[in-house]
Amino acid sequence: MNLSKSKYTRFCQCTKMLWLDTYHPELAVQDEALLRRFQEGNEIGDLAMGLLGDFVETTAYTADGKLDIPSMLKSTKKYLIEGKENICEAAFSKNGCYCAVDILHKTEGGYEIYEVKSSTEIKDVYLWDVAYQRWVLEQSGLKIVGTYIVYIDNTYVRQGDIDIHKLFAMQNVSEAILPYYAEVAQNTARAKEYIAQKGEPEMPLGEQCSSPYDCAYWQYCARELPSPNVFDLYRIQNKKACEYLQQGIVSFGDIVQSGMPLNTTQRRQVEFEQLQLPTHIDRLGIRSFLETLWYPLYFLDFETFQTGVPLYDGLRPYQQVPFQYSLHILANEDATLEHKEFLADENSDPRRALAERLAADIPTDACILAYNKGFECTRLKELAEMFPDLAEKLLAIRENVRDLLDVFRNGYVYDRAMGGSFSIKKVLPALFPNDPNLDYHNLADVHNGGEATDTYLALRGMEGEARDKLRQSLLAYCGLDTLAMVMLWQRLREFCHI
């Protein structure tokens, strides 16, 4: 079995991770967000191929869709003999160690390695990766005279066609990789030993479970921990939780007995769980919040996407682009609940159309209620900057946004079913248990923000019934977000007997 550069970096993070990849990959719980980033990374890598001029590419696939490594190795050897200046996905294998270099650039003195990343910064794990590549290539007989990491420049603003020389930045990491390079020979030998052993290696939970990436085997490796446990504490850093774990502080009972320091929110979380306390309701606090609201009352939620390669003019890499909103509306205390919604055409820049409709749908004297308002307020500010003719209206709307999250973040309402989280997807089922109409799992196609992003981008170029169905799913998801806020607001009023 070849040890690839991805397997090598996973071994560097956690030896057990590589062993599980080899023998029990079915135990992994895939992170959909990570899979999306992986796919986008492939697209960014393809775009970067022309950075250094004309190139040839070795990528090949077998009939079942897997990489055809023997073919890639053969093509690489051919292109090296021909003296090609830039070989993309240049493949090398030596003593069971395999890698494919994103761009192998020929110079007068030897070859340079260019590793392309979709990130906007250089991370240590990238240095592990490049050090391994350099070692494999040198073992294969190549003289490496430079190693570079290519990454996204987040100051780039698209105007017209994508300028890859402005979109990408590159940094010479030849010196930075030296400590990691010195460990490659030993690490590859150890990795092969781990792959060869049949018994599952012992590896205690630790920082490697989340650094540099969250491990897909967390649920498996942590299966014997009690629930809840120290890792479930509100906003606890994994490093700190691991320190407590090593001290034998695991369960919430252990936390109480240890006397370890807790912030107010963590203390409430532990006490409610340990004492099985009923829902906490601070009616004075709730009423103080409700008194900051007025009619007409508009419940607002945006859906957005972000891409490493900006799709439209005026966009930076990974800038949030709103493409959809939902509004539930109460004109006065006795009014019937109204609903308005907007979903942009997926084949063009959605921002202008969305901004115009939003400005028309929300009067300047309305009170707007959002959940975690910083997100909506930032989008409104960006739209105002983008469209000066709409700025006065959009900024007026922004000034009137209030945050429903404050009620729960300030501790006015707490239920142990929230598990210390104030996410609407935790708060809603805690206050409305077993209500199928408020269960995101019962929606079709789109159940969370990540799926909304994927679905909207997947619509590009789609036609017919399939497109219509997915657009309806997007509307239903965003509509539930604002309906959820309405229901929470009504429940708060019930708590105060309003």
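All figures in this text were calculated on a predicted structure; none of them were measured in a lab.

A. Highlighting the pairing of strand 3 (residues 97-106). In terms of burial, strand 3 is largely enclosed, as nine of its ten residues are buried. The pairing of strand 2 (residues 86-94) with strand 3 spans eight bridges and is antiparallel. For Ile-87, the partnering residue across the bridge sits in strand 3 and is Leu-104. Taken together, strand 2 and the strand that follows it, strand 3, pair antiparallel across an intervening segment of two residues, in which Asn-95 is found at a positive phi of about 50°. Both strand 3 and strand 4 (residues 111-116) contribute to a ladder of four bridges, which runs antiparallel. Of the residues in strand 4, the one forming a bridge with His-105 is Glu-112. Where strand 3 folds back on strand 4, the antiparallel hairpin that results is connected by four residues, among which Gly-110 adopts a positive phi of roughly 160°.

B. Up close: the nonpolar core. With 78 residues, the main nonpolar core has Leu-404, Phe-408 and Leu-488 as its most contacted residues. The element best represented in this core is helix 19 (residues 464-495), accounting for twelve residues. Not counting the four nearest positions on each side in its chain, Phe-408 is found in contact with Tyr-371, Val-413, Met-418, Phe-422, Val-427, Leu-431, Leu-488 and Leu-492. With 35 residues, the next largest nonpolar core counts Ile-87, Tyr-111, Val-130 and Ile-144 among its residues.

C. Region of interest: the environment of Asp-406. Its location among the elements puts Asp-406 in helix 16 (residues 405-409). Each C-alpha atom of the pair Asp-406 and Tyr-371 lies 8.5 Å from the other, and the pair is 35 residues apart in sequence.

D. Spatial organisation of the packing of aromatic side chains. This model, assessed by the stated rule, comprises 14 aromatic pairs. Taking 4.9 Å as the distance between ring centres and 70° as the angle between the ring planes, the aromatic pair formed by Trp-218 and Phe-231 counts as edge-to-face. Here Phe-231 lies in the loop between helix 8 (218-221) and helix 9 (238-246) and Trp-218 lies in helix 8, a separation of 13 residues in the sequence. Its relative accessible area of 16% is what places Phe-231 among the buried residues. Taking the centre distance of 5.7 Å and the plane angle of 20° together, the rings of Tyr-325 and Phe-342 count as stacked. With Tyr-325 in strand 9 (residues 321-330) and Phe-342 in strand 10 (residues 338-343), the pair connects residues that are 17 residues apart, well separated along the chain. An aromatic cluster is present here, built from Phe-305, Phe-323 and Tyr-456 joined pairwise through their rings. Over the aromatic face of Tyr-220 sits the side chain of Arg-223, whose NZ or CZ is 4.0 Å from the ring centroid. When the ring centre of Phe-375 is taken as reference, the NZ or CZ atom of Arg-379 above it lies at 4.7 Å.

E. Geometry of the sheet that holds strand 4. As summarised here, the arrangement of the six strands in space is 1-2-3-4-5-6, forming an open sheet in which the pairing is mixed. Only two strands of the sheet have a single neighbouring strand rather than two, namely strand 1 (56-57) and strand 6 (168-172). Both strand 5 (residues 144-152) and strand 6 contribute to a ladder of five bridges, which runs antiparallel. Across the sheet, residue Ile-149 finds its bridge partner in strand 6, namely Gln-171. Where helix 4 (residues 69-82) meets the sheet, its contacts fall on strand 1, strand 2, strand 3 and strand 4, and the angle it forms with strand 2 comes to roughly 115°. Most of the contacts of helix 5 (residues 124-139) go to strand 3, to which it runs at about 90°, and overall it touches strand 2, strand 3, strand 4 and strand 5.

How each quantity is defined
Residues numbered from 1 in each chain as written. Predicted model: local features only at pLDDT ≥ 70, side-chain atom pairs only at ≥ 80, totals over all residues. Heavy atoms only, no water. Buried < 20%, exposed > 50% of the residue type's maximum accessible area, 1.4 Å probe, protein only. Helix = DSSP H or I, 4+ residues; strand = E, 2+ residues; numbered from the N terminus. Pairing = 2+ DSSP bridges. Core = buried A, V, L, I, M, F, W, Y, C linked by side-chain atoms within 4.5 Å. Contact = heavy atoms within 4.5 Å. Phe/Tyr/Trp six-rings, centres within 6.5 Å; stacked < 30°, edge-to-face > 60°. Lys NZ or Arg CZ within 6 Å of the ring centre and 35° of its normal. Axes fitted to C-alpha atoms, helices over the stretch in contact; angles between N-to-C directions.

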